[in-house]
Protein chains: 2
Amino acid sequence: VGVHERPVSDFDLATAVRASGPSSYDAHLHDGWRIGGAVNGGLLISLLGRAIRDTCKPAGHPDPLTISAYYLSPSGAGPATISTSVLRTGRTMSTAQASLFQAVDGAVPVERIRAIATYGDLARLPGEVTTSLERPALPPPERCVGTNTVPEPLRRNAPFLDRLDLRMDPEHARWTIGQPGRRGVIQGWLRLPDREPDPLSLLLAVDALPPVTFDYGIFGWVPTLELTAHVRAQPASGWLVVRHATRNFAGGMLEEDAEVWDSTGRLVAQSRQLARAPRG
Amino acid sequence: VGVHERPVSDFDLATAVRASGPSSYDAHLHDGWRIGGAVNGGLLISLLGRAIRDTCKPAGHPDPLTISAYYLSPSGAGPATISTSVLRTGRTMSTAQASLFQAVDGAVPVERIRAIATYGDLARLPGEVTTSLERPALPPPERCVGTNTVPEPLRRNAPFLDRLDLRMDPEHARWTIGQPGRRGVIQGWLRLPDREPDPLSLLLAVDALPPVTFDYGIFGWVPTLELTAHVRAQPASGWLVVRHATRNFAGGMLEEDAEVWDSTGRLVAQSRQLARAPRG
């Protein structure tokens, strides 16, 4: 490793794609990003996001502005392939589609996720900011709740939790001590231990916290049907603040909104997903 | 017209699709649903939603649960074709993709919109409701602001406004009298004059109000890049209440959230779009 070369971060290793054709990529889903039986959905969007970046960058559109992912079947650790296609390229934006496939035991590859995304160049957007949503006030990270407090057996089968440095607001983490607040909110500080945030890692940040159903004392798996993320600005270095909330937990489903602020207080990403509530 | 046959509503006429093959449909974009140079985006999603319904209904999945649409080029009045494909069919849900094309002056058809959607059966969802978001309190419809107050020349070139009965909360409609409230909120009562709401018309309702940029006194066109809508319950008959809000108007773009309640106060649909702000 040369003097100016940084070691590759865990996140960059886990989202690496290798071109195998003009619009096809090989990837590997790492077991270390698994939660229960499936690889974390935010990591998967980041991986698709990297393949789409490779596809759209030559047109001058390296950054995700919006990406919508539909989860078709659970992704397990192991090899995967990604195919991309460009739907439209304009002056300031490109729209592309990507699919992730996995072949299990040599069988025909099964589609795991399909995404559509519009990419552009965040550095070329106008600077004006009229954002009205304010970053929540949190206790400093050292007075927040780490993932080592997540109840067993949740933690035992979630190596993903060791990939992140997450410090949850104690006010909304009382489910970790058996006293769920039942407000449908989880928020905290988030960073990757070996990497600064960038537009791709924001796609991970929007789906990295425990599901808000935990705040209702419900600890089962919450499979995402669909997640759309908007990346609105290049994040500054340092801690992110992430807030997850649901306001419509009904009919066996819930929407989960995520808001991500960078260390300067800029609202850099938003997402919403529709998920299936754990069966009671 | 027989005794038990109702005349077809404007909305049903405008979203009619005619199968031209196993997964292809002919449609017609009606000039009466135009705003400025383009057909209303909510009407277009409803149209795609109807084609997807036709595709997914045989599997027992007639209702949109979530649909994400990416707008590739502006749709004009005139003939259109829609192609659909099923990505996955499970026990309770199907996921499908649809594209709308238009050929202008006999040229090669151009893709206008691509959507992915997951359909299910709203009647079969569990009944429990833990929704925390409350329907806003509005003055009764007769004390709200009709679309006849929308300033000229906005109204002159927007026949779409005559398709709806929209009564805006005067508190958030001061832009109609030159005093924009600058809170990024527009809300009101909404109904189709000749039809009760259903899951498909909720896809129109989420994008039927004027853009929230009007509340900032900015009256230019606000093109949608992407819109995702969740339909969460069968709406009851009667007026809908729709609230549009933006909380992140920055970098020349804005997110716009819509919430739709039915006449019983149930939150029946939510949407979020990413749109480009008018160039100043």
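Because the structure is a prediction, the values reported are computed rather than measured.

Asks: Just give me the short version of the overall build of chain A, but keep the residues and values in it.
Replies: Of the regular secondary structure elements, chain A holds 3 helices and 16 strands. Relative to the globule expectation of 19 Å for 280 residues, the C-alpha radius of gyration of chain A, 18 Å, shows essentially globular dimensions. For the C-alpha atoms alone, the extent of chain A along its principal axes is close to 55 × 50 × 45 Å. The proportion of buried residues among the 280 residues of chain A is 57%. Expressed as a percentage of contacts within chain A between residues at least 6 apart in sequence, the contacts between residues at least 24 apart total 70%. About 11,200 Å² of surface is accessible on chain A, with carbon and sulfur atoms providing 51% of the total. Of the side chains in chain A, 29 bear a positive and 29 a negative charge, and the two mean positions are spaced by 3 Å.

Asks: Let's hear about the relation of the copies chain A and chain B: which residues, and what values?
Replies: Each copy superposes on the other: chain A lies on chain B with an RMSD of 0.0 Å after a rotation of 180° and an axial shift of 0.0 Å. Given the turn and translation reported, the copies of this chain are related as if by a two-fold rotation axis. When C-alpha distances to the rotation axis are compared across chain A, the minimum falls at S68 of chain A, with a value of 3.5 Å. Same-surface contact between copies: 100% of interface residues of chain A are shared with the interface of chain B.

Asks: Which residues make up the interface of chain A and chain B, and what are the values?
Replies: By a frequent convention, interface size equals the accessible area lost on bringing the separate parts together. Listed as interface residues are 51 residues of chain A and, on the opposing side, 51 residues of chain B. Both faces considered, chain A and chain B share a buried interface measuring about 4,500 Å² in area, 53% of it formed by carbon and sulfur atoms. When residues of chain A are sorted by the area they lose upon contact with chain B, Y70, R232 and R247 of chain A head the list and together hold 17% of the total. Put simply, R272 of chain B and D257 of chain A hold a salt bridge, and the shortest N to O gap is 3.4 Å. Joining chain A to chain B, the criterion identifies 42 residue pairs in polar contact (both at pLDDT 80 or more). Elements supplying a minimum of two residues to the side of chain A that touches chain B: strand 5 (63–71), strand 6 (78–89), strand 7 (94–102), strand 8 (110–120), strand 12 (224–231), strand 14 (249–250), strand 15 (253–261) and strand 16 (267–276) of chain A. In terms of residues, the side of chain A that touches chain B owes the most to one element, strand 16 of chain A, which gives 7 residues.

Asks: Describe the packing of aromatic side chains, listing the residues and the values that go with them.
Replies: To describe a pair of aromatic rings, you give the distance between the ring centres and the angle between the ring planes. Residue and element names in this part refer to chain A. As enumerated under the stated definition, the model contains 14 aromatic pairs over all chains in all. Each ring, one from W189 and one from W239, has its centre 6.3 Å from the other, and the planes form 65°; the classification is edge-to-face. Taken together, the residues span a long stretch of sequence, with W189 in strand 11 (residues 185–191) and W239 in the loop between strand 12 and strand 13 (240–245) at a distance of 50 residues. Summarising the burial analysis for this pair, W189 and W239 share the class buried. Aromatic ring contacts, followed pair by pair, group F11, W33 and F160 into a single cluster.

Asks: Break down the pairing of strand 11 of chain A for me, citing the residues and quoting the values.
Replies: Residues and elements named next belong to chain A. In terms of burial, strand 11 is a largely internal element, 6 of the 7 residues being buried. When strand 10 (residues 165–168) meets strand 11, the two strands line up antiparallel, connected through 4 bridges. By the bridge assignment for strand 11, R167 is matched with W189. By the bridge criterion, 6 bridges tie strand 11 to strand 13 in an arrangement that is antiparallel. Across the sheet, Q187 pairs through a bridge with R243, a residue of strand 13.

Asks: Can you break down the side chain of D262 of chain B residue by residue, with the values?
Replies: Checked against the element boundaries, D262 of chain B lands in the loop between strand 15 (253–261) and strand 16 (267–276). Side-chain polar atoms of D262 of chain B contact the backbone nitrogen of A236 of chain B, separated by 2.9 Å.

Asks: For the pattern of salt bridges, give the residues involved together with the corresponding values.
Replies: Taken as a whole, this structure holds 29 salt bridges over all chains when the rule is applied. When the shortest N-O distance is used, the salt bridge between R34 of chain A and D31 of chain A registers 2.8 Å. One network of salt bridges, in which partners are shared, links D257, E259 and R272 of chain A together with R247, D257 and R272 of chain B.

Asks: Describe helix 2 (residues 41–56) of chain B, with residues and values.
Replies: Residue and element names in this part refer to chain B. In a regular helix each residue adds 1.5 Å, so 16 residues correspond to 22 Å; helix 2 covers 22 Å between its end C-alpha atoms and thus fits that length. The element helix 2 is largely enclosed, with a buried count of 14 among its 16 residues. The backbone nitrogen of G42 has a side-chain oxygen 2.9 Å away, supplied by the residue at the start of helix 2, namely N40.

Asks: Tell me about the side chain of T147 of chain B, and please be specific about residues and values.
Replies: All names here are of chain B. Along the polypeptide, T147 turns up in the loop between strand 9 (145–146) and strand 10 (165–168). Given a relative accessible area of 11%, T147 falls into the buried group. Contacts of T147, omitting those with residues within four sequence positions, involve R155, L161 and L166.

Asks: Can you break down the environment of A250 of chain A residue by residue, with the values?
Replies: Within the fold, A250 of chain A resides in strand 14. In the structure, A250 of chain A is positioned 26 residues away from R276 of chain A in sequence and 9.9 Å away in space, judged by C-alpha atoms. Look past the residues within four positions of A250 of chain A in its chain and what remains in contact with it is E128, V129, T130, T131, R232 and R266 of chain B.

Rules used in this analysis
Residues numbered from 1 in each chain as written. Chains lettered and ligands numbered in written order. Predicted model: local features only at pLDDT ≥ 70, side-chain atom pairs only at ≥ 80, totals over all residues. Heavy atoms only, no water. Helix = DSSP H or I, 4+ residues; strand = E, 2+ residues; numbered from the N terminus. Rg over C-alpha atoms; globule rule 2.2 N^0.38 Å. Buried < 20%, exposed > 50% of the residue type's maximum accessible area, 1.4 Å probe, protein only. Contact = heavy atoms within 4.5 Å. Areas by Shrake-Rupley, 256 points an atom, 1.4 Å probe, with all protein chains shown as cover. Lys, Arg positive; Asp, Glu negative; His and termini not counted. Charge placed at Lys NZ, Arg CZ, Asp CG, Glu CD. Least-squares fit on C-alpha atoms with pLDDT ≥ 70 in both. Buried area = accessible area lost by both parts, 1.4 Å probe. Salt bridge = Lys/Arg side-chain N within 4 Å of Asp/Glu carboxyl O. Polar contact = N/O pair within 3.5 Å; in protein donor to acceptor, adjacent residues only side chain to side chain. Phe/Tyr/Trp six-rings, centres within 6.5 Å; stacked < 30°, edge-to-face > 60°. Pairing = 2+ DSSP bridges. Expected span 1.5 Å × (residues − 1).

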